[in-house]
Amino acid sequence: MAQSTGFKKIKTAVFISGTGSNLQSLIKFSKLKKSPISIEMIISNNPKSKGLVFGKIYKIKKNILNFKKQIVAEKEILLKLKKNKINLICLAGFMKILSKNFILNFKGQILNIHPSLLPKYKGLNTHEKAIKNKDRYSGCTVHFVNSKLDSGKIIIQKKVKIRKNDTINSLAKKILAQEHKLYPKAILKIFSL
Ligand code: GRF
């Protein structure tokens, strides 16, 4: 277990594309004494990401990168991550697929949160698929990132019941609320051993 005083927190970068509610929950978590991480950078492929506002609020460095030129963008990020001694990447609603080359060249761990009970429903529109298939449960998963989409080793999952009257939106809302708790839990699980 990491000690509550005198230990160096793991320098972390969070990658986002949109609202950044998972980013916010990770920032709040990182401020707790028991948290093994400190969030040093926010990276977005989308200059309009609402989540970028948290960089301003919490005074965290922001980087916006143009993924239309993915090879160039990834090279740039890798340099920045190295310069800032980042050892952990948390993907949180990041809508681009990182290249194999990036994953191999980043000297640290990469985590992702996904809104389904993997290996079910990799990729997009997970809530729609779960409802269409009349599943009784869906949920969320935190996993290590490897070069195959949503396929790395699972760290932790949370089941969420699908009610008869659930819509894509209501299910998304319920699952997102669980995601906010699950990501910190996954980080504690990995780094507190
Ligand atoms: C979350 O449901 C996440 O699992 C998915 O995209 C959503 C991002 O939400 N990949 P936010 O940007 O963290 O609010």
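To start, this report covers the structure provided alongside it. If you're wondering where the values come from, they're calculated on a predicted model, not measured in any experiment.

### Notes on the nonpolar core
Counting 34 residues, the largest nonpolar core has V14, C90, L111, V142, I155, Y183 and I187 as its most contacted members. Going through the elements one at a time, β1 (10-16), α1 (21-30), β2 (37-44), β4 (88-91), β5 (109-114), β6 (137-144), β7 (154-161) and α6 (168-191) are the ones with two or more residues in this core. In terms of residues, this core owes the most to one element, α6, which gives 7 residues. Those residues within four positions of Y183 in sequence are excluded, and the remaining contacts are N22, L26, C90, L91, A92, L111, N112, I113 and V142. Membership of the second largest hydrophobic core comes to 20 residues, among which are A13, M41, F67 and A73.

### Focus: the site of the ligand
Taken together, T19, G20, S21, N22, G93, I113, P115, L176 and E179 make up the full set of residues adjacent to the ligand. In this structure, an oxygen atom belonging to the ligand sits 2.9 Å away from a main-chain N or O atom of N22. Relative to its unbound accessible area of 370 Å², the ligand is 81% covered by the protein chains. Elements with a minimum of two residues in the shell around the ligand: α1 and α6.

### Some remarks on helix α3 (residues 70-83)
Taking 1.5 Å per residue, 14 residues should reach 20 Å; α3 reaches 20 Å between its end C-alpha atoms and fits that length. Within the span of α3, buried status applies to A73, E74, I77, L78 and L81. Angular distribution of buried residues about the axis of α3 spans 135°; they occupy a single face of the element. What points out from α3, more than 90 degrees from its buried face, is the exposed set I71, K75, L79, K82 and K83. Contacts from the buried residues of α3 go to β1, β2, β4 and α4 (100-105). Positive backbone phi, approximately 55°, marks K85, located one or two places after α3.

Quick notes on the rules
- Residue numbers here run from 1 along each chain, matching the order of that chain's written sequence.
- Local features in a predicted model are, by the rule used here, given only for residues with pLDDT of at least 70; side-chain atom pairs are given and counted only at 80 or more, and totals for whole chains, interfaces and linings are based on all residues.
- Neither water nor hydrogens contribute to the side-chain values; these are computed over all heavy atoms in the structure.
- Residues belong to a common nonpolar core when they are buried Ala, Val, Leu, Ile, Met, Phe, Trp, Tyr or Cys residues joined through side-chain atoms within 4.5 Å.
- When accessible area is computed with a 1.4 Å probe and restricted to protein chains, residues below 20% of their type maximum are described as buried, those above 50% as exposed, and intermediate ones as partly exposed.
- Secondary structure elements are taken from DSSP: a helix is a run of H or I of four residues or more, a strand is a run of E of two residues or more, and numbering for both begins at the N terminus.
- Note on contacts: a residue pair is in contact if any heavy atoms of the two residues lie within 4.5 Å.
- Any residue with a heavy atom positioned within 4 Å of a molecule or strand is treated as near that molecule or strand.
- Whenever a nitrogen or oxygen atom comes within 3.5 Å of another N or O atom, the pair is scored as a polar contact, on the condition that within protein one atom can donate a hydrogen and the other can accept it, and that pairs from neighbouring residues in sequence are kept only if both atoms are in side chains.
- Under the convention used here, a 1.4 Å probe and the Shrake-Rupley method define accessible areas, while residue burial counts only the protein chains that appear.
- Any helix carries an expected span of 1.5 Å times its number of residues minus one.
- The directions considered for the arc are those from the helix axis to the C-beta atoms.

None of this, on its own, says anything about what the molecule does.
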